[in-house]
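Here are the chains, one letter per residue:
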Amino acid sequence: MNYYSFLCFGVSLIMSMLIQVIFIRLSHKRGIFIDHHESDLPQKFHKNPTPRVGGVGVFIACWIFCFVGKTGFLLLFCALPAFLAGLFEDIYLNFSPNKRLLIMFASGILPAILLNTVVTNFGLFTLNYSSGVFISFIAIIGLINGANMIDGFNGLLSGTAIIIFGSFAYMCHRFFDGELFIINVVIVAAIIGFIFFNYPKGKIFLGDGGAYILGFFMAVMAMLISCRHTQISPFFVLVCIAYPVMEVIFSFIRKGIIENSSPFHPDSNHLHMLINRGVVKGKNSQTVFVILPVVFFFNIAAICFYNNQTALILFVLLFVIIYLMCYAFLSKAKEN
């Protein structure tokens, strides 16, 4: 890391922390942007009214991208619709899923147009450009929702994101991609500024706006790395983001096919919720101690075997097996 990287990290960190403080005080003083603890929604696990606009601080702190280069500015521009879709829900609390999905569609297609993040090489096979555009669009929308799904307990999504973007930053530094390296460093700093107030006591939440923006950054950064650095296997990024990817795929299958319900309707049967009830006995801040070490292990494995496609595929399969076994065991324990 050079001095410019440290400067970007420090400015992003301080900016994020200051904005969190402002919104925490403003929310409690004015009674706005509050996630009320009396709500009976399945994802409510806090005991005090808490502001849910921590994502605003993260997003604003990331505007340092503008000083990094053209890619950073375009990345923020592409992310704006997804962020606004989530922020509208954070503010109005009843913004319909269909409207949110419609708005975030823009964030799904803009990267292909402005950043050329169209993945056609999937390691085992290649697709034509049109198919690549469609798959890339689905991946962005899917990961935006996947990130939102795992945002259930203090430090869970933000901790997962720090590990993922930290892995991306390392690989960008290793392959001398200074632009993407600084962008990932700035994202990590912005998240740290948030998590300082979120973990362990949950003084502020990311909200849908924060979750959507982190999911968007994960998806697009994974595509940028895959497109720019062909010496890195496409399965490297898949291993890194395996947790939110698996969460959204499994949840859509479970809800849409097995339970015949809306995949966008929140419920209390996500893996992290089962772990919270069955392993840490309802202790909010301890759920991360079960999940984050697993995420960290798979990200380290991805870095170690970044160009070994066979090993990376095996790690993907291993993660799927671990996820499904844990879910089956905890679901059975819940029924008993």
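That block above? That's the structure.
Below: a short report on this structure. A quick note: this is a predicted structure, and the numbers were derived from the prediction, not measured. Going along each chain's sequence as written, the residues are numbered from 1 onward. In keeping with the predicted nature of the model, local features appear solely for residues at pLDDT of at least 70, side-chain atom pairs appear and are counted solely at 80 or more, and the whole-chain, interface and lining totals rest on all residues. Excluded from the side-chain calculation are hydrogens and water; included are all heavy atoms of the structure.

A closer look at helix 11 (residues 271-278)
With six of eight residues buried, helix 11 lies mostly within the body of the structure. Summary of the burial criterion: residues with accessible area below 20% of their type's maximum are buried, those above 50% are exposed, and those between are partly exposed, where the area comes from a 1.4 Å probe applied to protein chains only. Under the scheme used here, helices are H or I runs from DSSP no shorter than 4 residues and strands are E runs no shorter than 2 residues, and both carry numbers assigned from the N terminus. Regarding helix 11, the residues found buried are Leu271, His272, Met273, Leu274, Ile275 and Asn276.

Thoughts on the pattern of salt bridges
Any carboxyl oxygen of Asp or Glu within 4 Å of a side-chain nitrogen of Lys or Arg constitutes a salt bridge here. By the definition in use, this model includes nine salt bridges. The closest approach of N and O atoms between Arg254 and Glu259, which form a salt bridge, is 3.1 Å. Taking the relative accessible area as the measure of exposure, Arg254 reaches 4% and is therefore buried. Taking the relative accessible area as the measure of exposure, Glu259 reaches 38% and is therefore partly exposed.

With respect to a nonpolar patch on the surface
A patch consists of residues whose relative accessible area exceeds 30% and which take part in no salt bridge; residues with like charges are grouped when within 9 Å of each other, and nonpolar side chains (Val, Leu, Ile, Met, Phe, Trp, Tyr) when within 5 Å. In this description, accessible areas are obtained by the Shrake-Rupley approach with a 1.4 Å probe, and a residue is regarded as covered only by the protein chains that are shown. On the surface, Ile60, Trp63, Phe73, Phe77, Ile109, Ile113 and Leu114 cluster together into a nonpolar patch covering about 620 Å² of accessible area. Only helix 3 (70-92) and helix 4 (97-114) provide two or more residues apiece to the nonpolar patch. For the nonpolar patch, the element with the highest residue contribution is helix 4, accounting for three residues. Looking at where Ile60 falls in the secondary structure, it is placed in helix 2 (residues 54-61).

What to know about the state of the cysteines
Defined by distance alone, a disulfide is two cysteine sulfur atoms within 2.5 Å. Taken as a whole and judged by the stated rule, the model has zero disulfides. The thiol of Cys227 is not disulfide-bonded; the next cysteine sulfur, from Cys172, is found 13 Å away. What makes Cys227 partly exposed here is its relative accessible area of 33%. Free of any disulfide, Cys326 has its nearest cysteine sulfur in Cys240, 20 Å distant.

Section: unusual backbone geometry
Along the chain, Tyr199 connects to Pro200 via a cis peptide bond; the corresponding omega equals 5 degrees. You will see that Asn116, though not glycine, has its phi angle at about 55 degrees, which is positive. Mapping Asn116 onto the fold places it in the loop between helix 4 and helix 5 (129-149).

Observations concerning the side chain of Ser27
Counting through the fold element by element, Ser27 comes out in helix 1 (residues 3-30). Judged by relative accessible area, Ser27 falls into the buried class, the value being 0%. Whenever two N or O atoms come within 3.5 Å, that pair is a polar contact, provided that in protein one can donate a hydrogen and the other can accept it, and provided that, for residues adjacent in sequence, both atoms are side-chain atoms. One polar contact links the side chain of Ser27 to the main-chain carbonyl oxygen of Phe23, over a distance of 2.7 Å. Residue contacts are counted whenever heavy atoms from the two residues lie within 4.5 Å of one another. Other than its neighbours up to four places away in sequence, Ser27 contacts Ile32, Phe33, Ile34, Pro51 and Val53.

So, the environment of Leu87
Secondary-structure assignment places Leu87 in helix 3. As for Leu87 and Arg30, which are separated by 57 residues in sequence, their C-alpha atoms are 18 Å apart. When neighbours within four sequence positions are excluded, Leu87 is seen to be in contact with Val53, Val56 and Gly209.

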